[in-house]
Amino acid sequence: MGNSGKARAHTNIALIKYWGKADETYIIPMNNSLSVTLDRFYTETKVTFDERYTKDTLILNGEAVNESEATKINKFMNIVREQGGTSMYAYIESDNFVPTAAGLASSASAYAALAAACNEALNLELTDKDLSRLARRGSGSASRSIFGGFVEWEKGHNDKTSYSFPIDADHWEDDLAMIFVVINNKSKKVSSRTGMSLTRDTSRFYQYWLDHVDEDITAVKHAIKQKDFAQLGEVIEANGLRMHATNLGAQPPFTYMVSDSYQVMEIVHQCREAGYPCYFTMDAGPNVKILVEKKNQKAVIDALHKSFDEEQVIASDITRTGVEIIE
């Protein structure tokens with residue numbers, strides 16, 4: 001029945017942040033970003049195109065999605081149909097292995113898996129670069145989830161030139177891990193999309209952020225090449241804080257940080273002082289992610305458990321596996 005494809009993609013965490021779009025329609029970012037792909041969190045999606053379908057249907061974790069999600073998916077599928085030269089609608093079954101409680105955006109893995117499944121189902125024969133461009137149209141960070149390991153998203157200037165690519169780290173990823181401290185998983189007062197636009201348009205600190213991102217990317221790539229964990233950590237921590245500072249300069253000002261976020265940062269500082277190097281980063285929400293060398297992972301988790309419940313602390317390896325077609 002129909003043309004089917006099934007794919008798995010892992011989610012990623014930006015070490016150098018993407019904050020603000022230059023083009024809302026094509027999701028072209030204001031700056032380059034750089035991420036790591038996580039082993040533990042992923043999405044599996046099966047797509048079937050058939051002439052008998054009268055609309056796109058998305059079943060997420062066994063349930064039909066709400067209308068606003070359905071509209072977003074239909075918009076993305078129209079882009080796929082245009083690329084594939086077809087008018088067929090699709091039945092999409094997607095399973096997220098990203099615990100909702102992790103307060104971790106699953107849109108990156110979701111759209112990367114969907115793009116790859118569509119590529120398979122319609123025999124589009126897209127290169128990884130073009131797959132990255134297609135995934136970007138669903139969610140900006142999805143362009144990075146096409147690849148494993150360290151990944152850079154080149155902002156580009158238009159649809160053709162904005163895509164992600166992997167950065168060779170000589171398997172250094174295998175020595176690193178990321179710990180998530182889940183502070184709350186309630187929906188945010190300011191969504192990332194709204195926060196990005198408001199900050200880009202009104203923050204008096206935003207230009208400073210843009211002026212320093214390229215330096216951060218260069219420094220991180222140098223740290224990766226040298227396998228210099230301290231340099232990598234210092235740059236990503238400063239970059240994350242600078243992104244959050246732009247929000248305080250917005251009109252009206254807002255912040256995603258809460259008191260527990262600051263408590264985690266304090267624990268990270270204490271771990272460093274105790275001889276366990278680790279560094280934090282935060283996205284558009286209160287939860288904190290900590291980059292650590294695997295050899296020190298247990299010590300950092302033990303320190304966190306003194307203040308946070310076990311289910312609030314989730315660790316993940318970094319995977320070098322990019323998006324995969326699964327049978």
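Refer to the structure printed above.
The rules behind these values
- Sequence order as written defines residue numbering, which begins from 1 separately in each chain.
- Restriction of local features to residues with pLDDT of at least 70 applies here, the model being predicted, together with a cutoff of 80 or more for giving and counting side-chain atom pairs; totals for whole chains, interfaces and linings are based on all residues.
- In computing side-chain values, all of the structure's heavy atoms are included and hydrogens and water are not.
- The axes used here are C-alpha line fits, helices contributing only the stretch in contact, and every angle between their N-to-C directions lies in the interval 0 to 180 degrees.
- Elements are defined by DSSP. Helices are runs of H or I of four residues or more, strands are runs of E of two residues or more, and each kind is numbered from the N terminus.
- Crossing handedness: left-handed means the near helix sits turned counterclockwise from the far one by under a right angle, and right-handed means the same turn made clockwise.
- In what follows, residue pairs with any heavy atoms lying within 4.5 Å of each other are defined as contacts.
- Gly is placed with the polar residues, together with every amino acid not listed as nonpolar (Ala, Val, Leu, Ile, Met, Phe, Trp, Tyr, Cys and Pro) or charged (Asp, Glu, Lys and Arg).
- The definition of a nonpolar core used throughout is a set of buried Ala, Val, Leu, Ile, Met, Phe, Trp, Tyr and Cys residues joined through side-chain atoms within 4.5 Å.
- Burial classes follow relative accessibility: with a 1.4 Å probe on protein chains only, a residue under 20% of its type's maximum area counts as buried, one over 50% as exposed, and anything between as partly exposed.
- Every helix has an expected span of 1.5 Å times one less than the residues it contains.
- The seven residues ending at a residue and the seven starting there each receive a fitted axis; the angle between those axes is the bend at that residue.
- Here, a strand pair is defined by DSSP locating no fewer than two bridges between the strands.
- Pairing of aromatic rings covers Phe, Tyr and Trp, the last through its six-membered ring, and needs centres within 6.5 Å; plane angles under 30 degrees mean stacked, over 60 mean edge-to-face, and all others mean tilted.

Caption draft 1: Just the packing of helix 1 (residues 67-84) against helix 2 (residues 107-121), in detail. Look at helix 1 against helix 2: their axes get within 11 Å of each other, and the N-to-C directions meet at 35 degrees. Here the hand of the crossing between helix 1 and helix 2 comes out right-handed. Of the residues in helix 2, those touching helix 1 at K72, I73, F76, M77 and V80 are Y111, L114, A115 and C118. Its residues assigned to classes, the contact of helix 1 with helix 2 shows eight nonpolar, no polar and one charged.

Caption draft 2: Seen up close, the nonpolar core. Formed by 44 residues in total, the largest nonpolar core has its most connected members in L34, F150, I224 and L232. Taken together, the elements giving at least two residues each to this core come down to strand 1 (3-16), strand 4 (33-50), strand 8 (150-154), strand 10 (176-181), helix 5 (206-226) and helix 6 (229-248). The dominant element in this core, judged by the number of residues it contributes, is helix 5, at nine residues. Setting aside residues up to four positions removed in sequence, I224 forms contacts with L34, F150, I167, D168, A169, W172 and L232. Counting residues in hydrophobic clusters, the runner-up holds 34 residues, among them V47, I73, I92 and A117.

Caption draft 3: Examining helix 5 more closely. Over its 21 residues, helix 5 runs 30 Å from end to end, which matches the ideal 30 Å to within 8%, given 1.5 Å per residue. At H212, helix 5 shows its largest bend, some 35 degrees. Every buried residue belonging to helix 5 is among Y206, W209, L210, H212, V213, D216, I217, A219, V220, A223 and I224, and all of these are buried. The elements touched by buried residues of helix 5 are strand 1, strand 4, strand 8, strand 9 (163-167), helix 4 (192-202) and helix 6. At the C-terminal side of helix 5, K227 shows a positive phi close to 55 degrees.

Caption draft 4: Looking closely at the pairing of strand 8. Burial runs high along strand 8: four of the five residues are buried. As paired strands, strand 4 and strand 8 are joined by four bridges and run antiparallel to one another. The residue bridging S35 from the neighbouring strand is V151, located in strand 8. Bridge analysis of strand 8 against strand 9 gives five bridges, and the strand direction is antiparallel. Pairing of E154 across the sheet is with Y163, part of strand 9.

Caption draft 5: View of the packing of aromatic side chains. Under the defined criterion, the tally for this structure stands at nine aromatic pairs. For the pair F229 and Y279, a centre-to-centre distance of 5.6 Å together with 65 degrees between the ring planes defines the contact as edge-to-face. Here F229, found in helix 6, pairs with Y279, found in strand 11 (residues 278-281); they are 50 residues apart in sequence, far enough to count as distant. Among the aromatic side chains, those forming a connected cluster through ring pairs are W19, F254 and Y256.

Caption draft 6: The environment of N61, seen in detail. Here N61 lies in the loop between strand 5 (57-60) and strand 6 (63-64). Through-space distance from the C-alpha of N61 to that of F97 is 9.1 Å; in sequence the pair is 36 residues apart. Those residues in contact with N61 that lie beyond four places of it in its chain are S94, D95 and N96.

Caption draft 7: Just the sheet that holds strand 13 (residues 313-317), in detail. Strand order in this open sheet of four strands is 11-12-10-13, and the pairing throughout is antiparallel. In this open sheet, the two edge strands, each paired with only one partner strand, are strand 11 and strand 13. Here the strands of the sheet are splayed against their neighbours by 25 degrees on average, with no regard to which way each runs. Examined bridge by bridge, strand 11 and strand 12 (residues 288-293) share four bridges and lie antiparallel to one another. Of the residues in strand 12, the one forming a bridge with F280 is I290. Against the sheet, helix 6 touches strand 10, strand 11 and strand 12, its axis set at about 25 degrees to strand 11. Across the sheet, helix 8 (residues 294-305) lies against strand 10, strand 11, strand 12 and strand 13, angled at about 140 degrees from strand 12, the strand it touches most.

It is worth stressing that arrangement in space is one thing and function is another; only the former is reported here.
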